[in-house]
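Understanding the architecture of this molecule
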Amino acid sequence: MKYIDEYRRQDLAKGLAGRIRREAQETRRYHIMEFCGGHTHAIFRYGVQDLMPENVKFVHGPGCPVCVLPIGRIDGAMELAHKHDAILCTYGDMMRVPASKRKSLLKAKAEGADIRMVYSTQDALKIARDNQEREVVFFAIGFETTTPPTAVAIKQAQAEGLENFSVYCNHVLTPAAITHVLESPEVRELGTVAIDAFLGPSHVSSVIGSQPYEFFAEEFQRPVVIAGFEPLDVMQATLMAIRQLNEGRHEVENEYHRVVTRKGNTKAQALVAEVFELRRSFEWRGLGEVPYSALKLKEPFAAFDAERKFTLENRSVRDVKSCECPAILRGAKKPTDCKLFGKACTPDNPMGSCMVSSEGACAAYWTYRRFVEPATANAREEAVA
Amino acid sequence: MCLALPAEVVALAEAGDMATVALAGVRKEISVALLEEVAIGDFVLVHVGYALHKVSPEEAERTLQLMEEAGVLEEQLEEIGA
Ligand code: SF4
């Protein structure tokens, strides 16, 4: 059974690749930014780029939550653990990201800071319940999929009167980041980054719905196709984007209607709206200050806001010199353009955030060896073998 | 951390919006606070310990099979501490 299915899928993939070849017009360019790190990962893992004709290219976007968090915010998290002696709870992905002086949470933990990896905000709440005499801070990161779980935890902490629990909030917003990329001089004036269409994220869109993309599809005249995470989804969505471009349309289309609706998960949205409000501006690694692109806790929840509870030094810290993560996150450079790639910087010894998370472009390039040129199937197989 | 795993709801807690899901023979406590309603036998997409959305059993089956073939399932199970 398994083989039949696999065969069917390979067949489908071949069929889709053939369609894309036939429909992509030779005289046109189709540069499609996949915003989400999950898509970047899928494109590399399954070699989707190699199935595309020359003029259809994926541009990797800034949708990797670990990659876009600026060093200053990670330093802030360490400060909470070190200086304020809090138990810092974090998702595992953050542990190895190099911050100032190439220190990471993992190293800080080795030096005695009380940093604990959690899978869920529920785990962080439990740690707070079990350690009432200590301050427990949850290092909240991520896009619209991780924000509702943080909101639930804050409301629960309030209901339980869990006074030693607080949240260091770093939640960021997808539509704001896409708008910012489209408004950047590299896209608008310099033309150094070409983006003709977007693949919209799957799970983020299951929460926020497809509606938030309508504004910038119209405003910037770029098609947006929301795609599932499977390689076939990515290919199908790419074909839909190509068709829109051929027909001169720029609409929001939804390839992932199995899960995504126009309105999204309204219960989750209501919870987020109750607990959080927009920050006027927030720094992103690679994008710089992006207006109205992140969330903070609303006044009624101030007691659970780590940034109000503890005074944190607010610093803007430079990235490691010659790490190209910032340019890669804007789609302006490829990992192979970085001098350190595969030499000083590998997943075992990362210099920048893009090499840490499996959703980061550098890690994906390295792990799946897609950087080996020429990218003909045979040459690649030999190179990998 | 962007991936979400489909899993079947096998038990609902009396209080606290918690549920038990079964996934590749493993059981895990998750929160269902983000869903309007949920029943035993529903398939849900689980992300950082929360059910984000309901999915059809066919969709769940399809996704799990693909994840298994690609070796992603094992990594993900490790991540949820199963
Ligand atoms: S290879 Fe390493 S140093 Fe170079 S851009 Fe990527 S993460 Fe930064």
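Look up a bit, the structure's there.
Heads up: these notes are all about the structure in this document. (Residues numbered from 1 in each chain as written. Chains lettered and ligands numbered in written order. Predicted model: local features only at pLDDT ≥ 70, side-chain atom pairs only at ≥ 80, totals over all residues. Heavy atoms only, no water.)

Moving on to the overall build of chain B. Regarding its fold elements, chain B presents two helices and five strands. Secondary structure elements of chain B, listed N to C terminal, follow the sequence β-β-β-β-β-α-α. Within chain B, the fraction of its 82 residues that count as buried is 52%. Within chain B, contacts between residues separated by at least 24 positions form 39% of all contacts whose residues are at least 6 apart in sequence. Accessible surface, chain B as shown: approximately 3800 Å² in total, 48% of it carbon and sulfur. (Helix = DSSP H or I, 4+ residues; strand = E, 2+ residues; numbered from the N terminus. Buried < 20%, exposed > 50% of the residue type's maximum accessible area, 1.4 Å probe, protein only. Contact = heavy atoms within 4.5 Å. Areas by Shrake-Rupley, 256 points an atom, 1.4 Å probe, with all protein chains shown as cover.)

This part is about the sheet that holds strand S4 (residues 115-118) of chain A. Residue and element names in this part refer to chain A. Spatial ordering of the open sheet is given by S4-S3-S5-S6, a layout of four strands whose pairing is parallel. Of all the strands in the sheet, just S4 and strand S6 (165-171) have a single pairing partner and so form its edges. Averaged over all pairs of adjacent strands, the angle between strand axes in this sheet comes to 25°, irrespective of strand direction. Pairing between strand S3 (residues 87-91) and strand S5 (residues 136-142): four bridges, direction parallel. Across the sheet, Thr 90 pairs through a bridge with Phe 139, a residue of S5. Where helix H7 (residues 147-160) meets the sheet, its contacts fall on S5 and S6, and the angle it forms with S6 comes to roughly 160°. (Pairing = 2+ DSSP bridges. Axes fitted to C-alpha atoms, helices over the stretch in contact; angles between N-to-C directions.)

A separate point is the pattern of salt bridges. Counted by the stated rule, this structure contains 24 salt bridges over all chains. A salt bridge links Glu 160 of chain A to Arg 129 of chain A; its shortest N-O distance comes to 2.8 Å. Taken together, the residues Glu 160 of chain A in helix H7 and Arg 129 of chain A in helix H6 (residues 121-130) connect sequence positions 31 residues apart. Using a relative accessible area of 30% as the deciding quantity, one classes Arg 129 of chain A as partly exposed. One salt bridge connects Lys 54 of chain B with Asp 42 of chain B, and the closest N-O pair in it is separated by 3.5 Å. Taken as a pair, Lys 54 of chain B in strand S5 (residues 50-55) and Asp 42 of chain B in the loop between strand S3 (26-31) and strand S4 (43-47) lie far apart in primary sequence, twelve residues in all. According to the relative accessible area criterion, Lys 54 of chain B is partly exposed, its value standing at 36%. (Salt bridge = Lys/Arg side-chain N within 4 Å of Asp/Glu carboxyl O.)

Attention now moves to helix H16 (residues 361-368) of chain A. Along an α-helix, a turn takes 3.6 residues, which lines up residues three or four apart on a common side. Residues and elements named next belong to chain A. Of all eight residues in H16, six are buried; the element is thus mostly enclosed. Where H16 is concerned, the buried positions are Ala 361, Cys 362, Ala 363, Ala 364, Tyr 365 and Tyr 368. Looking at the buried residues of H16, the elements they touch are helix H2 (37-45), strand S2 (56-63) and helix H15 (325-329). Once H16 finishes, Arg 369 follows within two positions and takes phi at roughly 55°, a positive value.

So, on to the site of the ligand. Near the ligand you find Cys 323, Glu 324, Cys 325, Ile 328, Cys 338, Leu 340, Phe 341, Cys 345, Met 351, Gly 352, Met 355 and Cys 362 of chain A, and these make up its full shell. The residue makeup of the shell around the ligand, split by class, is ten nonpolar, one polar and one charged. (Near = heavy atom within 4 Å. Nonpolar A, V, L, I, M, F, W, Y, C, P; charged D, E, K, R; others polar.)

Residues and elements named next belong to chain A. With respect to topology, five strands assemble into an open sheet ordered S2-S1-S7-S8-S9, the strand pairing being parallel. Each of the sheet's edge strands pairs with one partner strand only, and the pair in question is S2 and strand S9 (252-254). Ignoring strand direction, the axes of neighbouring strands in this sheet form an average angle of 25°. Pairing geometry for strand S1 (residues 30-36) and strand S7 (residues 197-200), over three bridges, is parallel. The partner of Ile 32 across the bridge, within S7, is Ala 197. Contacts from H2 reach S1, S2 and S7 within the one sheet, and its direction differs from that of S1 by about 120°. Relative to the sheet, helix H8 (residues 174-183) contacts S1, S2 and S7, its axis offset from that of S1 by approximately 145°.

Right, let's talk about the packing of H6 of chain A against H7 of chain A for a bit. Residue and element names in this part refer to chain A. Contact geometry for H6 and H7: axes closest at 9 Å, N-to-C directions at 25°. In terms of axis orientation, H6 runs roughly parallel to H7. H7 is crossed by H6, and the crossing has right-handed handedness. Across the interface between the two elements, Thr 121, Gln 122, Leu 125 and Arg 129 from H6 touch Pro 149, Thr 150, Val 152, Ala 153, Gln 156, Ala 157 and Glu 160 from H7. Partitioning the contact of H6 with H7 into residue classes produces five nonpolar, four polar and two charged. (Parallel < 35°, antiparallel > 145°, perpendicular 65-115°, else oblique. Left-handed = near helix turned anticlockwise from the far one by under 90°.)

Below, the discussion takes up unusual backbone geometry. For Arg 102 of chain A, which is not glycine, the phi torsion reads 55° and is therefore positive. Examined against the element boundaries, Arg 102 of chain A turns out to sit in the loop between S3 and helix H5 (105-110). The phi dihedral of Val 48 of chain B is positive, around 40°, even though this residue is not glycine. Position of Val 48 of chain B relative to the elements: it lies in the loop between S4 and S5.

Geometry only, nothing functional implied.
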